[in-house]
Structures are given as structure tokens and as C-alpha cells.
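Examining the three-dimensional arrangement
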Amino acid sequence: MRSEDAGMIYLRDYQPTPYAVETVHLTFKLAPTATQVISKLKLSPRAGIAAGAPLELDGDELEFVSAKLNGTPLAADAYEVSAERFCLLAPPADPFELEIETRLNPQDNTKLMGLYLSSGNYCTQCEAEGFRRITYYYDRPDVLAVYTTRIEADTAQKYLLGNGNPVAEGALEDGRHYAEWHDPHPKPAYLFALVAGDLEVVSKPFTTASGRDVALNIYVEKGNGSKADYAMDCLIRSMVWDEKVFGREYDLDVFNIVAVSDFNMGAMENKGLNIFNDKYVLADPSVATDADYAGIETVIAHEYFHNWTGNRITCRDWFQLCLKEGLTVYRDQEFSSDERSRGVKRIEDVRSLMARQFPEDGGPLAHPVRPEQYKEIDNFYTATVYQKGAELVGMIRTLLGLEGFRKGMDLYFDRHDGDAATIEDFIACFEEAGGVDLSQFALWYSQSGTPVVHSKRTQDGAAGTLTLHFEQELPATPGQSAKKPMLIPIRFGLIGASGAELVPSKVDGAKVDGDVIWLSETQQDVTFHGIEEEVVTSLLRGFSAPVILKSDLCEFEKLFLMQHDSDHFNRWQAAQEQGTDIVLALAAGEELEITEPFIKALGVVFADETLEEAFRALMLTLPSYGDLQRAKGTDVDPEAIYQARKALSSRIGAHLQEELRGYHQLPLAEAAFDASAAAAGKRALNNQALHYLAACEVGGGAALAKQQFDLARNMSDQIAALRALVHDDLPGAAEALASYRAQHKDTALAMDKWFVVQATAPEGNLLQVLDTLTKDEAFSWRNPNRVRAVVDAFASGNPRQFNAEDGSGYAYLAKVVLEVDGSNPQLAARLLNAFRSWKVLEADRREKAELALRSILDAKQATSINIRDIAERCLQ
Ligand code: TRP
Ligand code: ZN
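Keep in mind that what you see is a predicted model, and the values were worked out from it rather than measured.

This brings us to the coordination of the zinc ion (ligand 2). Binding of the zinc ion (ligand 2) to the protein goes through His302 (NE2), His306 (NE2), Glu325 (OE) and Glu325 (OE), at separations of 1.9 to 2.8 Å. For the zinc ion (ligand 2), the six donor atoms in the first shell make angles of 48 to 159 degrees at the metal, a pattern classed as irregular.

Once that is clear, we can look at the site of ligand 1. Taken together, 15 residues surround ligand 1, and among them Glu127, Ala267, Glu269, Glu303 and Tyr386 come closest. Take His302: an N or O atom from its side chain is 3.3 Å from an oxygen atom of ligand 1. Here ligand 1 has 370 Å² of accessible area as a free molecule, and 97% of this is covered by the chains. Sorting the residues of the shell around ligand 1 by element identifies strand S20 (267-268), helix H2 (290-305) and helix H3 (321-339) as the ones contributing at least two each. Among the residues forming the shell around ligand 1, the class breakdown is six nonpolar, four polar and five charged. Taken domain by domain, the makeup of the shell around ligand 1 includes at least three residues from each of domain 2 (205-294) and domain 3 (314-446).

For the coordinates displayed, the defined rule picks out 63 salt bridges. Linking Asp251 and Lys271 is a salt bridge whose minimum nitrogen-to-oxygen distance equals 2.9 Å. Taken together, the residues span a long stretch of sequence, with Asp251 in the loop between helix H1 (229-246) and strand S19 (254-260) and Lys271 in the loop between S20 and strand S21 (273-277) at a distance of 20 residues. Asp251 sits in the buried class, given a relative accessible area of 7%. Using a relative accessible area of 2% as the deciding quantity, one classes Lys271 as buried. Residues joined in a network through salt bridges with shared partners are Asp233, Arg237, Glu297, Glu339 and Arg340.

Turning our eyes to something else, we now look at the packing of helix H19 (residues 748-759) against helix H20 (residues 766-775). How two helices pack is summed up by the angle between their axes together with the distance between the axes. One can describe the packing of H19 onto H20 by two numbers: an axis separation of 10 Å at closest approach and a directional angle of 165 degrees. Viewed along their axes, H19 and H20 adopt a mutual orientation that is roughly antiparallel. Here H19 and H20 pass one another in a crossing that is left-handed. Contact with H19, carried on its side by Trp754, Phe755, Gln758 and Ala759, involves Leu766, Val769, Leu770 and Leu773 of H20 and no other residues of that element. In terms of residue class, the contact of H19 with H20 is built from seven nonpolar, one polar and no charged.

With 14 residues, helix H21 (residues 784-797) extends just 16 Å between its outermost C-alpha atoms, more than 12% less than the 20 Å of an ideal straight helix rising 1.5 Å per residue. Of all the bends found along H21, the most pronounced is centred on Val791 and spans about 35 degrees. For H21, the tally of buried residues reaches ten of 14 residues, placing the bulk of the element in the interior. For H21, the elements touching its buried residues are S21, H19, H20, helix H22 (799-802), helix H23 (808-821) and helix H24 (825-832).

For the pair helix H25 (residues 843-857) and helix H26 (residues 865-875), interaxial distance at closest approach is 9 Å and the crossing angle is 140 degrees. Comparing their axes, H26 and H25 come out oblique. You can see that H25 and H26 cross each other, and the crossing is left-handed. In contact with Glu850, Leu853, Arg854, Ile856 and Leu857 of H25, H26 contributes Ile867, Arg868, Ala871, Glu872, Cys874 and Leu875. When the residues that make up the contact of H25 with H26 are grouped by side-chain class, the tally is seven nonpolar, no polar and four charged.

A separate point is the side chain of Arg786. Among the secondary structure elements, Arg786 is positioned in helix H21. Contacts of Arg786, omitting those with residues within four sequence positions, involve Ala748, Leu749, Asp752, Phe755, Ala778, Phe779 and Ser780.

Within a beta sheet, neighbouring strands are joined by backbone hydrogen bonds and run either parallel or antiparallel to one another. The antiparallel open sheet is built from three strands, whose spatial order is S4-S8-S7. Across the chains shown, the open sheet's two edge strands, defined by having one partner strand only, are strand S4 (55-58) and strand S7 (79-82). Neighbour-to-neighbour, the strand axes of the sheet open up by a mean angle of 10 degrees, direction not taken into account.

In this section: the pairing of strand S18 (residues 213-221). Relative to S18, strand S17 (residues 199-207) runs antiparallel, the two being bridged by nine bridges. Among the inter-strand pairings, Pro205 is bridged to a residue of S18, identified as Ala215. In sequence, S17 turns back onto S18 through a hairpin of five residues, with Gly211 there showing a positive phi of about 100 degrees. Pairing of S18 with S19, which is carried by five bridges, proceeds in the parallel orientation. Opposite Ala215, over in S19, you have Val254 as the bridge partner. With respect to chirality, the unit in which S18 leads through H1 into the neighbouring parallel S19 is left-handed.

Before going further, it helps to examine the nonpolar core. If you look at the biggest cluster of nonpolar residues, it comprises 276 residues, and the most contacted ones within it are Phe86, Tyr137, Phe426, Phe441, Tyr445 and Phe835. Looking at which element gives the most residues to this core, the answer is helix H5 (residues 383-416), with 13 residues. Contacts of Phe86, omitting those with residues within four sequence positions, involve Leu55, Glu56, Leu57, Phe64, Ala67, Leu74, Tyr79, Glu80, Val81, Leu98, Ile100 and Tyr136.

The rules behind these values
- Along every chain, residues carry numbers that run from 1 in the direction the sequence is written.
- Chains carry letters from A onward and ligands carry numbers from 1 onward, assigned in written order.
- Under the rules for a predicted model, residues below a pLDDT of 70 receive no local features and side-chain atom pairs below 80 are neither given nor counted, while totals for whole chains, interfaces and linings still include all residues.
- Side-chain descriptors were evaluated using all non-hydrogen atoms of the structure, hydrogens and water having been removed beforehand.
- Each metal site lists N, O and S donors within 2.8 Å (3.2 Å for Na, K and Ca). With water left out of the atoms, a site can look as if it is missing ligands.
- A four-donor site is classed as tetrahedral when every donor-metal-donor angle falls between 85 and 135 degrees; four donors are called square planar, and six octahedral, when trans pairs exceed 155 degrees and all remaining angles lie between 65 and 115, with any other arrangement labelled irregular.
- Near, as used in this document, describes a residue that has one of its heavy atoms within 4 Å of the molecule or strand being considered.
- Side-chain atoms alone can form a polar contact between residues adjacent in sequence; in general such a contact is a pair of N or O atoms within 3.5 Å, and within protein one must be able to donate a hydrogen while the other accepts it.
- The accessible surface values rely on the Shrake-Rupley method and a 1.4 Å probe; as for residues, cover is taken only from the protein chains in view.
- Secondary structure elements follow DSSP: runs of H or I no shorter than four residues count as helices, runs of E no shorter than two count as strands, and numbering proceeds from the N terminus.
- For this scheme, ten residues count as nonpolar: Ala, Val, Leu, Ile, Met, Phe, Trp, Tyr, Cys and Pro. Four count as charged, namely Asp, Glu, Lys and Arg, and the remainder, Gly too, count as polar.
- Note that the domain bounds were set by an automatic or database domain assignment.
- Any carboxyl oxygen of Asp or Glu within 4 Å of a side-chain nitrogen of Lys or Arg constitutes a salt bridge here.
- In this scheme, a residue with accessible area under 20% of its type's maximum is buried, one over 50% is exposed, and one in between is partly exposed, where area comes from a 1.4 Å probe on protein chains only.
- To obtain each axis, a line is fitted to C-alpha atoms, and for helices this fit is confined to the stretch in contact; angles are then taken between N-to-C directions over 0 to 180 degrees.
- For classification purposes, an angle smaller than 35 degrees is called roughly parallel, one larger than 145 roughly antiparallel, one from 65 to 115 roughly perpendicular, and anything else oblique.
- Each helix crossing is assigned a hand: it is left-handed if the near helix lies turned anticlockwise from the far helix by less than a right angle, otherwise right-handed if that turn is clockwise.
- Throughout, a residue-residue contact means that at least one pair of heavy atoms, one from each residue, lies within 4.5 Å.
- The span expected for a helix works out to 1.5 Å for each residue beyond the first.
- Note on bend: at a given residue it equals the angle between the axes fitted to the 7 residues ending there and to the 7 starting there.
- Note: two strands are recorded as paired if DSSP finds a minimum of 2 bridges between them.
- When the strands point away from the viewer, a crossover counts as right-handed if the path from the first strand over the helix to the second runs clockwise.
- What is meant by a nonpolar core is a set of buried Ala, Val, Leu, Ile, Met, Phe, Trp, Tyr and Cys residues, joined one to another through side-chain atoms within 4.5 Å.

Shown next, in the form of C-alpha cells:
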């Protein structure tokens, strides 16, 4: 074994446990620094596995109190115990009951895994391996058991919540009370949850399609009740949608959601008791932007949908994480597409994939959608598992068609309900339902890296043929140098000189199903017959596969697609490619004149009132810094890219100033706030207009931004104006920041935006700003949302400052990561991900980034596996 493989866990080593757990009975006697946990497990040896094997249970930082076997205290030589492990050396051959008592300190649990206190409320987080911080257990997803939970607490903790249905409650002595919950659905430990707190609740009844009455409750911190209505509306719409689109109903008498303010991730799908980062529950026009409303809708739906994809059917092991996450992201994306605008949603989802997953897949942290090894599972809740995982499900749907896909899903639900399943199980359902062989497709789960597809046209007018010469290039990624060709669905359109879509009389060279080419070979020529006119190809429509397409379209043709393609995704993609080419050319020293045709085309789209505002706003969004860095590929000078992108923004503002000013409206008194997608789209385009006017010196944007800030009636408009003032360094920026602070100082989620705006400012002495922000009384190193609003906003959202030439940005991040690691390793590791693309930088910055990464590994203090794993893989 090589030394760097120490502590590595491999997919190929999977083995079931020697014992099954039938039931778990937990009693919690809650107290801030000394909570007593009594766990009673009914265990039985699994048939066919070595009889008499020791029972080895997981623990993590546990304080052991006592243990009994079948009601009798265990003799000292009958077991071994440490903070990390409990081992019953010689278990009985017949089913037996093991009782273990542990003691916890929720108040000092800063990792936010296991049982902890958030604003005085008890809550838990068990995925992936947090249950072992509560009691000794088989803390792995393939051990399913029926849980009963008894919670005892002070009556100051008004609500006592557990998984499943409430079965009993009552008073105890000394001002304490209890509640008991029973969850009839067998589940793995990671879905366990408990909440106890002095909360406020919003409730609504729901009746499922088959007539089950369900009480829906959303619990929030006191005073926030009115901010939970939107989340409740989203929950009800999600439940109705899952019945209609997937035929899936809810299966308990209650569905509880609790919003907490200290949370490592977005939310958690614990059975019947979802726990949320309050950022994904609380909405109110004065605090939440349109993006926040959309995020709440998505996350509420996501966690609810997990009830079937994740909970009823769970994962055999953590390597199968995409089985629940990729599929559930696919489902939440479909939900939002149906609730909002499908075309716009698709562009937003792909944009997010390109911003977050492409850099991961193209750098040292690249891993397959189903990884085959890990050291720390927390580090694999990644954009690749979630977002690329969702793309793979979308490709299955594209290959099978909607009907075949639904048949495959029905089979999956039917066959695997109650199972801890694998990706192989999932794929087999679609092979059967669709009558197709998906063995080549399955490579998408094991081969990492983003494929590059090259396409070139040759046309033979006399023969009436168009041939597309495709080539797939599969870049080497960590641990994978040689790869097999993939099955890539390419949705296509052929646009003739007249602008009409041409339909070929015959196609050869590849399987073509409707408008989808099944590309399957490294090099493949696909010939379309009956094509007389000259053709502009529109390939990869709707982003039918997560690849980078390099076509032979010229600038003129891209500008044509930008304005005329019937596929909205490809209109947007053409604009992105054109924008990218221009910014990189400017960065390489080209004159600004080259931007004219592009800006003219943008102007046409901007003025086209037949298009949705949300779509026009996206068309007017330039490629992000990350997109540009990726397109450049090597030897990146972040400063040059920043300056070029800025010059293009300013030029767009100057050239379209009349149209932009004519469109822009100050948000004067409007009727009640409208959170609909259509109204949000109007605000998005209005704020895009403001953005360009503020970016140029001649558009009067500075005054407009100031006025909009003063008149804003909702957070989207207010924050857009504040961002313009601060990021473009306009007069009035400091006053606006002060006035915002005065208005929102008591609302943490609104203050996060104040932190973000400043931490992402491209100009000014930012390290000094960061120092001031982290000393602000609204800031706390213990709250993940606050830390992300300052540190992650800076490291991942401020490329110019983070990549400062002197390396000070890298050094700052390394220092902060080491500090945060001491209290919350999961959070620290996420911040460290900002180094995922360091290898594409020019040599000087590369050297400085490498030094910063090495400082993590060479730190004198004890460091977590979480941050060491990220640093090691970045450096490998
Ligand atoms: N399963 C959660 C989801 O819906 C992810 C999650 C929430 C999580 N909290 C976590 C993962 C803590 C790891 C650690 O996507
Ligand atoms: Zn999820």
C-alpha cells in the first residue's frame, strides 16, 4: 500500500454487515452540556455470514457510559470501546438486544454534525456520518431499521420532534416533558433526526391523491412565522407535482420542516422531519431576492422529493450518492421547469453546471459521478455528484424518450422500494423498460472529465448531403489517463439559408432517433441526405449532454443563431461563445472595435419584446470569469481577463445606452410584491439594464443606481443597485452601504448580502475590507452562512482580488481555512475548494497558490482529514 492511500475507502471492498438491525429505540434526555442517550438495538446475525463474528459499531468523539446485553450489564472483557468504536467481541448466535448509553455535549458541538444547539434549539445532522456522534451504530446506509424515539427536555423546549408519526407526549417532573415518535419505514441512520426548541409553527393540511390526510408544519425561530408562507406554498406544489408527474405520494401522517440558522449545507431530507438552513425557508420581499425565492422553491422540492428518491429507496453505500442526489436534482429541476419557464430554467441550470461542475471536472479535484474511492465522504457532496449526476438522468430521458423514461422510473420505484440500491440497479430498470443496452452509457458514471466534442461540416450540394465529422476527445483526469468513447446524445437542428429547419430524408453513420444523434465512436461521420441548401448547424440543443462542443461555426453564424435559433438554449450558448471569443481577444490585445457586431446582436435581442424578459436578461449576461478562465485553459492572467471583461461591459453600456435608459424603470410604488417568475424576469432585465448603464461612464448609470437604491421596494432591486454602486465604485456607495446596514442590521440573511457585496468588490484594498467585515458585530466565525458570505464570496466570487498578483489572497484563504478547521472541518474544506483551478494560472500565481496549499499540509496544528484531503488532491 502506498502511503498516500492510507485511510482510503474503496467501492470494490463493499461487504454487508454480519448483523442486521431490526429496531432501534432511542431515548434522549436533553441538556446543553450533558445529554444522555440510551440506544436499544435489536440485532440478529445475517444468514450466510460467518457466525459469531464480532459486532463492530462506529463512533465519533463519543463518551461511553455503559452497555447491556439482553438486559444484563456487560462484563469488562466482553467488549472494547473507544470514542471511535464499540466492539462486542462474541455476540450470541440468536437475535439479541444491545443497550448502550452515551453522553453528549451539544453546546460545544461546533462541527454541526450529530446533535448540536442552534440559537438555543436542539437539532441534528446525521448525513453522511453524523449518527455515530450520537451513539455507537452501524453508521452506513445499507443498514435499515425501524426507529422509535423518545425525547425528554425542559418545557422551555416547546416542540419535541422526531422522525415518523407522533405517538405519545406528556409531562414529567421538574418542569420537563417528553414526546415519542415512531417511524414505521425502515431507514438508514443518516436519515435520523431530532429537534427540540422554542419555535414558531406555520401549518396547513394536505390530502394525498389516495386520501391520506397529512399535517404539514414548518417550524421557524420565533418572530419569523410570516416568512414561512412561501415555503409552505412550495411544499404543497411539490407534493401535488410528484403525485402527478411521478405517481409518488407521501407516506406518513405528518411532514415537518424545521429552519435553523446554523447549518453546514442547504437542507437535509430526514424522514418526515426535514431540517433546513433557514436561508432556504425564510422569504419576505424585503429580505429575499428573486434568486432566493427560486432557491427556496428548488430546495423545498428537492428535500421533499428525496422521500422517494433517497429515503424509500436509499443507497447501498456512499459511492452510490448520485443515485439519490443526481436523481433528486433532476426531479427538482423538472419541477421548477414546470412551475416556471422551461427554457429559462434550462439555461440557468446549465450556467450553474458550467460555473461549478466544469471547473471541478477540469481540475485536480475531478472525480467520477460515482467515485470509486474516497478518504472523506463529506468532500464528495460535489457539483459533479449533484449536477452532473442530474445531467446523466436527463440524458437517459433524452435517449429513452419521456414515455420510456417514466416506465423505467416506475419500474425502479416498484422493484426497489425498501432497498439500499446501486447505480447498476437503477440503469437496469431503464434497459428493461426501454429495451436498450445502456452499457456504454454507464461509462458516464465511471469516467470523469468533461468530454470535448469537435464537429466539422462538409456539404455536397450536387449529392444533397451534409456530413458532420464528429470527434470526441476525453481529457485525462486524476487516476484516469485512457478512456473509452462515450455514448453522447446530440440533439440537433439544421437551419437552411431561408431560416427554415430542414428535415433530412435519411441519415447514416449513427443511430438517429428523431432529432437526437446517438454519438458513440471516437471519430464518427454522420451524413444527412436530402439537404440542398447551405446549413447552419444547431448542435447540442437544450444542452443534451454535459460536454464542451467545439463546432466549426464562424462568427457570422453564431451571431445568426444568437438571434434566430428556435432553441433558446443554443441562442444563449451562441452568445456565450461569441462573448468568450471577444473577451479573450481583448485580453490578448485586440481593439475594442471587434466588439461591434456582437453588441449589435445583443441590442436586437434586448429589444425583442416577443421574448421573455428572463431570457433576455440571460442573453445579456456575459460569460463569467470562470467561463473565460476555462476557455483560455492555461497560463491564465486573471487581471487581463478582468480588465477585458470590464471593457466589454462598459462598451455595451455606452453603445446601447439609449435603449437601456429607455427600458430602465425606477421601481416606483408598485402594488403588492409579485414573486412569480414573470415578475422576477422583469426585475432581472431591468437590473441588467442598470448594470450596463452603471458600468459605463456616459449612461448616467451612477445617478440611476443611487435613485434605485433609495426607491427600492424589494431586495432584488435594492441589492442590484447596491452592487452597482459598490462594484463600479460610484459616488454614494459608502452612504448606501451605511444605510443598508442601518435598515437590515437585525436580519442575518439580509446582512449576508451586505457582506457578499463587499467581499466581491473587484476594486479597493480588499484584505482590509475583509478584516473589517469579520470584526462586524453581525459577523460570526461559528455561523456557516456568515463565513460563506465573507470568505467564500471572496475566494470563489472575487477572482480579481483572490488572485491578487502578490499571492495575498491565497495566503489569506489558507490562514482562514486553518482557523475554521479547528471548529468546523466540513465548512473549512468547502472554502478550500476555491483552489480547484489553480493549475491553469500563469506561473507566478501558480507558485503562490501552491505555497498556500502546502501551508495547509505543513500546518503545525492538528488538521482534519477534510482539509488535508482537498489540499492533497489539489496538489497531486
Ligand atoms: N442530503 C442533503 C441534500 O439534500 C445534503 C446534506 C445536507 C449534507 N446536510 C449535509 C451532506 C451535511 C453532508 C453533510 O442534498
Ligand atoms: Zn439531496
